Amino acid sequence: MQFHPLAVMLGTCLLNRPDADPACLVNRPPVVTIMGHVDHGKTTLLDSLRKTQIASQEAGGITQHIGAFLVQQPSGQMITFLDTPGHRAFSAMRARGTLVTDIIILVVAADDGVKDQTIESIQHAQKAKVPIIVAVNKCDKPQADPEKVKRDLLAHDVVCEELGGDVQSVHISASKGDNLLDLLEATVTLAEVLQLKADPRGLVEGTIIESRTDKGKGPVTTAIIHRGTLKKGCVLVAGNAWAKVRWLFDENNRAVMEAPPGTPVEIVGWKELPSTGKEILEVESEKRAREVVEWRTYMQEQNKLKEHQRVIEAKQKQHQDNYTKGRESLAHLNWKQKKAALYHANKQHMAVRPSERSETKELSLPIIVKGDVDGSVEAVLNILDSYDADEQCQMNIVHFGVGDISENDINLAETFSGTVYGFNVAASKSIQDMAMKKGIDLKIHRVIYHLIDDLKEELSRKLPSLTEENIIGEASILATFDVTVGKKVVPVAGCRVQKGQLDRKMKFRLIRGKTVLWEGYLTSLKHHKDDVHIVKAGMDCGLSLDTVIGFKAGDEVYCYEEIAKPQKISWDPGF
């Protein structure tokens, strides 16, 4: 792994510092990322390594955050482990995991083989040029086939040592603890080959791997330190946020005094919540930190303005081109013909009155998304980016953020008539009561695909029902005659029911050849001289329609019912 060089301040800009003096470098713990497909045993492996019960705490047994843990081996060697989610929704988290790691342990279940997220993890590792160790898990199961796993990996340029390559592989059972020491020895051996060193002196540099808002601590980040030693009182900048470090905690929530290179640490003291994946840089003072953040914010705003200007100019050019083409197409007409042509071209825009336009608005579902950590919100938003059913119902993300559901979220949902979706967050009793009083739906989930399924159902409920026809009966007209009712002469069709039955309460259709002559309801249905509601197959009847139609012998009459069938949104996020 190559760390970005730390930067020094020049005015409000950051310039790269020179590389550290090799004489000042010391050994540091390797940063090892556990990757693989969902449910292949990554969290169970870390659980066995740390002798804790993280797996049982995960919703549905699926890791949904990056967890960072420092593990000391019997030999005294320290290893930093990162556990990245295996669910396909968390691709961005896995990509970030490869950017801060030295070694990737690829966990593949011996009874399941190479799967989608296994392949994706390999691609992330190859792109970041990070060496891989293959941990073939669940080898204790009867259907396990470790050799097939290794052969399947060949197709993805992962060649294990047993097959003539240079990738170490270890057969393990994470649940039983089999061969875990062999896996750790393979990790330490590879770390020694890589000669991982860092400069513990000078200004701190690191990377944020997770960020969240804690009720008691405020904005909190989990970071890996790359260079320097982080201590209480350090002033840090990350993206558009800065912090004066008030507290440092390890993975067990114990306060620590410092964090040397290669160690994960939880940082408390941020003024704003920085985004996951941002680089942490230490500066000399709070004043300098404010200057950097103000400058970065200013530059972001300027870039946004430039982008908006480009969009405006493109739209203006498109409008001008369309106007010029339209005028050129009318150039051969005289002024009266031009006026008539323009009137017909613009007629459709004038057809709907302003008061009626609101009734023809497209269907939409405004939503507010809240997550417990920045990576969770990012994962949800990445899935929502794949939404492709706007022609059925538009989905508008009104607001998204990190932290529990707040009063502001409820007020926003009320303003936009939207729904609040929470992922791994809570809503206090007062917030729930407020939402209920205002008629706002709160949808809180702990498993990401449950949240997406709920959202798909909500979108489907927005869609109008589809009307399906069910043919109840068919009849042929054999003869026609007129009946005088009061002063009116009513045409009557004498029919014989060929299939099913005719039900006077249902809708009817009159067809001649392939042409539909009429659709509507009957005014009368008689069998002999009696008024009836139902005439069954094989029986004769006389019927009259709610509209005067000239019947002919040979016409067909269909009786049918209309059934409302709910639509389903066509969006398929892939799981």
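Note: the structure precedes this text.
Residues numbered from 1 in each chain as written. Predicted model: local features only at pLDDT ≥ 70, side-chain atom pairs only at ≥ 80, totals over all residues. Heavy atoms only, no water.

A word on the pattern of salt bridges
So, step 1. Inspection of the entire model under this criterion finds 32 salt bridges.
So, step 2. Of the charged contacts, one joins Lys 115 and Asp 112 as a salt bridge, the two residues approaching to 3.7 Å between their closest N and O atoms.
So, step 3. What makes Asp 112 partly exposed here is its relative accessible area of 37%.
So, step 4. Linked by salt bridges that have partners in common, Arg 212, Asp 214, Lys 217 and Glu 266 make up one network. (Salt bridge = Lys/Arg side-chain N within 4 Å of Asp/Glu carboxyl O. Buried < 20%, exposed > 50% of the residue type's maximum accessible area, 1.4 Å probe, protein only.)

A word on the packing of aromatic side chains
So, step 1. Counted under the stated rule, the structure contains 3 aromatic pairs.
So, step 2. Measuring from centroid to centroid gives 5.2 Å for Tyr 387 and Trp 571, while their planes differ by 75 degrees, and the two rings are edge-to-face. One end of the pair, Tyr 387, is in the loop between helix 10 (374-384) and strand 20 (394-402); the other, Trp 571, is in the segment after strand 31 (556-565), with 184 residues separating them in the sequence.
So, step 3. On the accessibility criterion, Tyr 387 (9% relative accessible area) is buried. (Phe/Tyr/Trp six-rings, centres within 6.5 Å; stacked < 30°, edge-to-face > 60°. Helix = DSSP H or I, 4+ residues; strand = E, 2+ residues; numbered from the N terminus.)

Some details on the packing of helix 11 (residues 407-416) against helix 12 (residues 429-438)
So, step 1. In contact at an axis separation of 10 Å, helix 11 and helix 12 are set at 10 degrees when each is read in the N-to-C sense. The angle between helix 11 and helix 12 falls in the class roughly parallel. Touching Glu 407, Ile 410, Asn 411 and Glu 414 of helix 11 are Ile 431, Met 434, Ala 435 and Lys 438, all from helix 12.
So, step 2. Grouping the constituent residues of the contact of helix 11 with helix 12 by class yields 4 nonpolar, 1 polar and 3 charged. (Axes fitted to C-alpha atoms, helices over the stretch in contact; angles between N-to-C directions. Parallel < 35°, antiparallel > 145°, perpendicular 65-115°, else oblique. Contact = heavy atoms within 4.5 Å. Nonpolar A, V, L, I, M, F, W, Y, C, P; charged D, E, K, R; others polar.)

Observations concerning the pairing of strand 31
Side chains on a regular strand alternate between the two faces of the sheet.
So, step 1. As paired strands, strand 23 (residues 466-485) and strand 31 are joined by 10 bridges and run antiparallel to one another. Bridge pairing in strand 31 links Asn 470 to Glu 561.
So, step 2. Where strand 25 (residues 507-512) meets strand 31, 5 bridges bridge the pair, whose relative direction is antiparallel. When the sheet's bridge partners are listed, Ile 511 is paired in strand 31 with Glu 556. (Pairing = 2+ DSSP bridges.)

Some points on the nonpolar core
A general trend in soluble globular proteins is that nonpolar side chains are found buried together.
So, step 1. Ranked by internal contacts, the top residues of the largest apolar core, which has 25 residues, are Leu 45, Phe 81, Ile 105 and Leu 183.
So, step 2. Those elements giving two or more residues to this core turn out to be strand 4 (31-36), helix 1 (42-50), strand 5 (67-72), strand 6 (78-83), strand 7 (103-109), strand 8 (132-137) and helix 6 (180-194).
So, step 3. The dominant element in this core, judged by the number of residues it contributes, is helix 6, at 7 residues.
So, step 4. Discounting chain neighbours no more than four positions away, the residues touching Leu 45 are Ile 34, Ile 105, Val 107, Ile 172, Ala 174, Leu 180 and Leu 183. (Core = buried A, V, L, I, M, F, W, Y, C linked by side-chain atoms within 4.5 Å.)

Some details on a nonpolar patch on the surface
So, step 1. On the surface, a nonpolar cluster with roughly 270 Å² of combined accessible area is contributed by Trp 295, Tyr 298 and Met 299.
So, step 2. Residue position: Trp 295 is located in helix 7 (residues 286-329).
So, step 3. Taking the relative accessible area as the measure of exposure, Trp 295 reaches 32% and is therefore partly exposed. (Patch = residues over 30% accessible without salt bridge, like charges linked within 9 Å, V, L, I, M, F, W, Y side chains within 5 Å. Areas by Shrake-Rupley, 256 points an atom, 1.4 Å probe, with all protein chains shown as cover.)

Some remarks on the sheet that holds strand 20
So, step 1. Ordered by their spatial adjacency, 4 strands build an open sheet running 20-19-21-22, and the pairing between neighbours is parallel. The open sheet has two edge strands, strand 20 and strand 22 (442-445), and neither has a second partner. Each strand of the sheet is rotated relative to its neighbour by a mean of 20 degrees, with strand direction disregarded.
So, step 2. Looking at chain direction, strand 19 (residues 364-371) and strand 20 are connected through 8 bridges and run parallel. If you follow Gly 371 over to strand 20, its bridge partner there is Val 402.
So, step 3. Lying on the sheet, helix 11 is in contact with strand 19, strand 20, strand 21 (419-423) and strand 22; it crosses strand 19 at an angle near 170 degrees.

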